[in-house]
Amino acid sequence: MTAAREAAMDIAGDAPASAGAPATVLQVEDLSLEFRARGRSAEVLSCVSFALRAGETLCLVGESGCGKSMTALAIMRLVPPPGRIGGGRVRLRGADLASLDEAAMRRVRGNHLSMIFQEPMTALNPVYTVGEQIAEPLRLHQGLDRRQARERAVEMLRSVGIPLPERRVDDYPHQMSGGMRQRVMIAIALACDPEVLIADEPTTALDVTVQAQIFDLLREQQARRGTAVLLITHDMGAVSEMADRVVVMYGGRVVEQGAAGEVLSRPLHPYTRGLIACLPELDRAPGDLRPDLPEIPGVVPSIWDRGEGCPFFDRCGQAMPRCRGAFPPLAQAGARGHDVACWLYPETT
Ligand code: SF4
């Protein structure tokens, strides 16, 4: 038996668990990713580590360009060229995904580990019906025949709230609204009951009211199936609504992580504080003369312009000379499990 096959079989086994704590289903350890172009190389992700536990929602937060989507693609082993994993591990139920050959990895994708993308119109195949696209992973991974897979596709459409599923199963993606297409994407992703669902900005392309419906649907499906969800978002409102735990990324690194209630009520990193300060206040009455919403000055640095020090240096109102010299290590600075990477906290020295 090859190592890859053994690893693939490990994924189907029981997740390791310690007494009383939910099992870790996905472990990202010191993940690094680099891009090489025109004789130069740049680090896109540096030593990214976090754990996703069974049944929880972990939000990966940050602005565009912070490395969230690249982290998701690295987990799925779908990094586009010229990207290349530089180091670290991704373990699913203890199995090292890097040890799987491509055929074994295809069996993992869609079966144990699924992903939904922000723009369902580009993720769905326009020349197949939505029923055929839901049926495909069921036939591939679960050996269902054509009739069984179609019946299950109808069931999945019903479970994600598509009306008249027996009829809509034969629709093509362009015959559906944006919200319905995203429901179809969720049906495809959950068809094989994966342990982990990665949702990359799943509501960005949708109206606000439809966004709320999609989050409700994700929560309901998660409660029903026990799926662990890695939700990638730039929206702190979505974080406060969905997250059990939060990982804040900036410049390709984890800069803060902890329980959602702890991070949202006692943010430590200046970047996290800036993201939270940008949240609109819902209690604001007409004529309220409080100043406009603050914004974080500047932009996320390009991967080609990152230096040795803290990548937030140029935008940070509390930067000190030492911040330019070296990136601070991630260390506990709040309640247990609340870690921050910032030289403001003596624990990191
Ligand atoms: Fe600001 Fe320095 Fe902390 Fe970076 S390490 S966030 S520059 S205080």
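Read on for an overview of the structure. (Residues numbered from 1 in each chain as written. Predicted model: local features only at pLDDT ≥ 70, side-chain atom pairs only at ≥ 80, totals over all residues. Heavy atoms only, no water.)

### Thoughts on the overall build of the protein
Note the cut-off: By definition, any uninterrupted DSSP run of H or I lasting at least four residues is a helix, any uninterrupted run of E lasting at least two residues is a strand, and each is numbered from the N terminus. For the exposure calls, accessible area comes from a 1.4 Å probe over protein chains only, and a residue counts as buried if that area is under 20% of its type's maximum, exposed if over 50%, partly exposed in between. The criterion used for residue contact is that any of the two residues' heavy atoms lie within 4.5 Å. Methods summary: accessible areas were calculated by the Shrake-Rupley approach with a probe of 1.4 Å, and residue burial reflects only the protein chains presented.
Of regular secondary structure, the protein possesses 12 helices and 12 strands. Out of the 349 residues in the protein, the part that is buried amounts to 50%. Looking at the protein alone, contacts between residues at least 24 apart form 64% of all its contacts between residues at least 6 apart. Accessible area for the protein stands at about 16,700 Å²; split by element, carbon and sulfur atoms hold 51% of it.

### Topic: the sheet that holds strand 9 (residues 245-250)
Inclusion rule: When DSSP finds two or more bridges between two strands, those strands count as paired. Axis geometry follows a simple rule: fit a line to the C-alpha atoms, using only the stretch in contact for helices, then measure angles between N-to-C directions, giving values from 0 to 180 degrees.
With respect to topology, 8 strands assemble into an open sheet ordered 6-7-8-3-9-10-12-11, the strand pairing being mixed. If you trace the sheet from one side to the other, it starts and ends with strand 6 (113-116) and strand 11 (331-332), each paired once. With 2 bridges joining them, strand 10 (residues 253-259) and strand 12 (residues 339-340) adopt antiparallel strand pairing. Bridge pairing in strand 12 places Q257 opposite D339. Along the sheet, helix 8 (residues 178-190) makes contact with strand 6 and strand 7 (196-200), crossing strand 6 at roughly 170°. Sitting on the sheet, helix 12 (residues 270-277) is in contact with strand 3 (57-61), strand 9 and strand 10, with an inclination near 110° to strand 9.

### Considering the side chain of E256
Our working rule: All tallies of charge rest on Lys and Arg as positive and Asp and Glu as negative; His and the ends of each chain are not included. Criterion for a salt bridge: a side-chain nitrogen of Lys or Arg within 4 Å of a carboxyl oxygen of Asp or Glu. Here a polar contact is recorded for every N or O atom pair within 3.5 Å, except that within protein the pair must consist of a potential hydrogen donor and a potential acceptor, and residues adjacent in sequence are included only if both atoms are side-chain atoms.
Tracing the backbone through its elements, the reader meets E256 in strand 10. Here E256 is buried and forms no salt bridge, its nearest opposite-charge partner R273 lying at an N-O distance of 7.1 Å. Among the polar contacts listed, one links the side chain of E256 to the backbone nitrogen of L268, at a separation of 3.0 Å. Reaching out from E256, the side chain makes a polar contact with the side chain of H338 at a distance of 2.6 Å.

### Observations concerning the layout of surface pockets
Applied cut-off: In this analysis, the protein atoms alone were mapped onto a 1 Å grid. Cavities are point sets where a 1.4 Å probe fits without being able to get out; pockets are open sets with protein on both sides within 12 Å along at least five of seven lines; lining residues have an atom within 4 Å of a point. Grid points are joined across faces, edges and corners, and a volume is the space filled by probe spheres set on the points. All amino acids are sorted into three groups, where Ala, Val, Leu, Ile, Met, Phe, Trp, Tyr, Cys and Pro are nonpolar, Asp, Glu, Lys and Arg are charged, and the leftover types, Gly among them, are polar.
Space inside the largest pocket adds up to approximately 890 Å³. Around the largest pocket, the lining comprises 32 residues; the ones closest to its centre are E132, Q133, E136, P137 and I188. The set of elements that each furnish at least two residues to the lining of the largest pocket consists of strand 6, helix 5 (130-142), helix 6 (146-159) and helix 8. The dominant element in the lining of the largest pocket, judged by the number of residues it contributes, is helix 5, at 9 residues. For the lining of the largest pocket, the class distribution of residues is 16 nonpolar, 7 polar and 9 charged.

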